[in-house]
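Each chain, letter by letter, is given below.
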Amino acid sequence: MFLGLSALAWSQAAAPLSVDPALLTRAERTDFTETSSLADVEAFLSALSLRTDLLRVSSFGQSQEGRPLLLATLCDPPLGDPRELRALARPIVFVQANIHAGEVEGKEAAMNLMRRLTLGDLRPLLSRLVVLFAPDYNADGNEALDVNNRSDQYGPIAGVGRRENASGLDLNRDYMKLDSPEARALVALFNAWDPHVVVDLHTTNGSHHGYHLTYSIPLNLSFEPRLLDYQREAMMPRLRTALLDKHGFRSYYYGNFEGKPPEAGAAETRRWSAFDHRPRLGQNYVGLRNRLAILSEAYSYLSFEKRIAATEAFVEQILRDVDAHAAEVIGLVNDLDADFVRRARGEEALLLGVEYEARALPLPVPLLVGEVRREVNPRNQKPMTVAIEDRFESVTMQDFGVFAPLRSVPMARVYVLPRVAGMQAIVDKLVQHGIRVEELLAPLDAELESFTPTSIGRSQRAFQKHNEVRIAGSFASARATLPAGTIVVRLAQPLGRLAAYLLEPESDDGLLRWNFFDAWLEVGKPVPVSKLMRNAPMSTRALEGF
Ligand SMILES: [Zn+2]
């Protein structure tokens, strides 16, 4: 039954059944008992493409098992090429869903938003923004649907996909090492499209809180302070207010409660703790690239339908906010890149944290502690946890919401790698990240700092198929002549801080930590990445081949 499309029909409040049935999502067609398969998402995009010319569908790569990583590009005029879209000088917002394919409401919300952006109430935004959706990033995980995956969450009762990709890798721990084809494709997308804002959609695990949705931003205080301040002081407070005022959804920074409720009369000892500062996680990785990043975590104990609605409302408000502050967002991002390059060409020491601690915000914060009940899933007879939505208590406690460096090192002006067998894997990784790698065309006399380990430790338990390496030791400096062909990576490039995080020997998320230097590691022997601490003229060219 086709009842016609009007801008009103595809607003969030409209009853979905009043609209074109071909554009209903699987969640809507099944009364929110099921989530969309890859074929459902493809059919949706195909149906939507027949009804609007503002959508371009492509893939940005292939999954481990060969499935397309879908990319939907929405813009007026309809353009599908990154260079054309960059030339419009509009903010580019990239929304990725389903990185953890058991956390499926982002995928459904993305489709709802695509309808509204092309045919509904959000249509005017496409004249001023470019919006990219990767609705099913972990495409293999999505197809590994099982009624027993994440069975504690409140639906969809017919099951969801699994967290990991087909190789068992968590794609949200793969942003630095780029082991998976999915993560490599995603970073290639970042390099090509360079979105100003990246939104990553998830579902919570853990604490029983009183929010419909929690969010996170880059949490590492070694990153650009202006980026962190803009997100924490300006953007997120605006979004939090809009989400409550316009949609009635309560929200706050993502975290978990630690500690137990105090005895009657005793002081509050519980605290709220954010998760992690390391760029192996998407929101930190994007921040390390000087781009705005927002992690969205719908509350897993709300109904599937409500989680979709909260996620949809949050992304809607992000798009409206970026639209309302377009010049500010573009200006900030451009300034951060230019400013970093300027400072890296100068003399001032630029520091990078190599050890961190969680740090409380200056003042305690009222946090909403929620209540839950249990309900049995009729499909597998297992208990689901269900939020009692409007029963919560506000408790003032410390919020350990950021991570501050305990120890920092000055970044090199130039990182130096010898041209030896085995180094290609490291060069390839840097290039995959979009970092400019060069080679010396003539020998160079220079003062070099080299790190010699006095101890080398490997984690006993494998994590993401790696036994992470921790080294201790010290730097010493000596004059050396670097032969022509030596590989050099200059800090003075927009991704310079990312290059330093990958190459610093003591980095807590660098290539040494992730085993890329294992073949050369020996106590008492300098590691084969050394540092020039001053800029010096040198004859180089971009490294082509090895
Ligand atoms: Zn997740």
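Residues numbered from 1 in each chain as written. Predicted model: local features only at pLDDT ≥ 70, side-chain atom pairs only at ≥ 80, totals over all residues. Heavy atoms only, no water.

Visitor: Tell me what's going on with the coordination of the zinc ion, and back it up with residues and numbers.
Guide: Within the first shell, the zinc ion binds the protein through H100 (ND1), E103 (OE), E103 (OE) and H202 (ND1), at distances of 2.1 to 2.7 Å. Considering all 4 donor atoms around the zinc ion, angles at the metal cover 52 to 148 degrees and the coordination shape is irregular. A relative accessible area of 2% places E103 in the buried class. (Donors = N, O, S within 2.8 Å, 3.2 Å for Na, K, Ca; no water. Tetrahedral: all angles 85-135°; square planar, octahedral: opposite > 155°, others 65-115°. Buried < 20%, exposed > 50% of the residue type's maximum accessible area, 1.4 Å probe, protein only.)

Visitor: I'd like a description of unusual backbone geometry, backed by residues and values.
Guide: Cis geometry is found at the peptide bond from D76 to P77, where omega equals 10 degrees. The residue P77 is located in the loop between β2 (68–74) and α3 (82–87) in this model. Here the residue pair G155 and P156 is connected by a cis peptide bond, since its omega of 5 degrees sits within 30 degrees of zero. Among the structural elements, P156 can be located in the loop between α5 (139–143) and α6 (181–193). Even without being glycine, N98 reaches a positive phi, approximately 70 degrees. Taking relative accessible area as the criterion, N98 reaches 0% and is therefore assigned buried. Even without being a glycine, Q464 presents a positive backbone phi close to 55 degrees. (Helix = DSSP H or I, 4+ residues; strand = E, 2+ residues; numbered from the N terminus.)

Visitor: So what's going on with the environment of E449? Residues and values would help.
Guide: Structurally, E449 is set in strand β17 (residues 444–458). Considering only alpha carbons, one finds E449 and L350, 99 residues apart in sequence, at a separation of 16 Å. For E449, the contacting residues outside a window of four places in its chain are F475, A476, S477, S530, K531 and M533. (Contact = heavy atoms within 4.5 Å.)

Visitor: Can you lay out the packing of aromatic side chains for me, pointing to particular residues and giving the numbers?
Guide: Under the defined criterion, the tally for this structure stands at 15 aromatic pairs. Considering the side-chain rings of F32 and F304, the 6.4 Å spacing of their centres and the 80 degrees angle between planes classify their relative orientation as edge-to-face. Taken together, the residues span a long stretch of sequence, with F32 in the loop between α1 (26–29) and α2 (38–49) and F304 in helix α9 (residues 304–324) at a distance of 272 residues. Residue class for F304 comes out buried when judged on its relative accessible area of 2%. Geometrically, the ring pair formed by F190 and Y285 is stacked, given 6.4 Å between the ring centres and 25 degrees between the ring planes. Pair noted here: F190 is in helix α6 and Y285 is in helix α8 (residues 282–288), with a separation of 95 residues, a long-range link. Just as F190 is buried, Y285 falls in that class too. (Phe/Tyr/Trp six-rings, centres within 6.5 Å; stacked < 30°, edge-to-face > 60°.)

Visitor: Please provide a residue-by-residue account of the pattern of salt bridges, values included.
Guide: When their charged atoms lie close together, side chains carrying opposite charge are able to pair. In the structure shown here, the tally under the stated rule is 53 salt bridges. The residue D121 makes a salt bridge to R116 at a minimum N-O spacing of 2.9 Å. For D121, a relative accessible area of 29% gives the class partly exposed. With a closest N to O distance of 2.8 Å, E504 and K531 form a salt bridge. In this pair, E504 is assigned in the loop between α12 (496–503) and β20 (530–532) and K531 in strand β20, connecting sequence segments 27 residues apart. Comparing E504 with K531 shows no difference in burial state: the two are buried. Several salt bridges converge on common partners, so that one network encompasses E103, R150, R163, D170 and R173. (Salt bridge = Lys/Arg side-chain N within 4 Å of Asp/Glu carboxyl O.)

Visitor: Hey, could you go over the sheet that holds strand β10 (residues 292–298) for me, with residue numbers and the actual values?
Guide: What the 8 strands build is an open sheet, ordered β1-β2-β4-β3-β5-β10-β6-β7; its pairing is mixed. With one partner strand each, in any of the chains shown, β1 (55–62) and β7 (251–253) form the two edges of the open sheet. Each strand axis lies, on average, 25 degrees off the axis of its neighbour in the sheet, ignoring direction. By the bridge criterion, 5 bridges tie strand β3 (residues 92–97) to strand β5 (residues 197–203) in an arrangement that is parallel. (Pairing = 2+ DSSP bridges. Axes fitted to C-alpha atoms, helices over the stretch in contact; angles between N-to-C directions.)

Visitor: Which residues make up the environment of G106, and what values go with them?
Guide: Structurally, G106 can be placed in helix α4 (residues 105–119). Its relative accessible area of 2% is what places G106 among the buried residues. C-alpha separation for the pair G106 and W514, spaced 408 residues apart in sequence, amounts to 30 Å. For G106, the residues in contact, after removing those within four places along its chain, are A97, L201 and T311.

Visitor: Account for α12, with residues named and values stated.
Guide: Residue pairs spaced three or four apart in an α-helix point in one direction, given the helix's 3.6 residues per turn. The buried fraction of α12 amounts to 8 of the 8 residues, a majority that puts the element mostly inside the structure. Among all positions in α12, only G496, R497, L498, A499, A500, Y501, L502 and L503 are buried. The secondary structure elements touched by the buried residues of α12 are α8, α10 (326–345), β11 (351–359), β15 (414–417), α11 (424–432) and β19 (487–490).

Visitor: So what about the packing of α4 against α9? Which residues, and what values?
Guide: For the pair α4 and α9, the least separation of the axes is 8 Å and the interaxial angle reads 50 degrees. With respect to α9, the element α4 is oriented oblique. Seen along the crossing, α4 lies across α9 with a hand that is right-handed. Here α4 contributes E105, G106, E108, A109, N112, L113, R116 and L117 to the contact with α9, which in turn contributes F304, R307, I308, T311, E312, V315, E316 and L319. Across the contact of α4 with α9, the residue classes tally to 7 nonpolar, 3 polar and 6 charged. (Parallel < 35°, antiparallel > 145°, perpendicular 65-115°, else oblique. Left-handed = near helix turned anticlockwise from the far one by under 90°. Nonpolar A, V, L, I, M, F, W, Y, C, P; charged D, E, K, R; others polar.)

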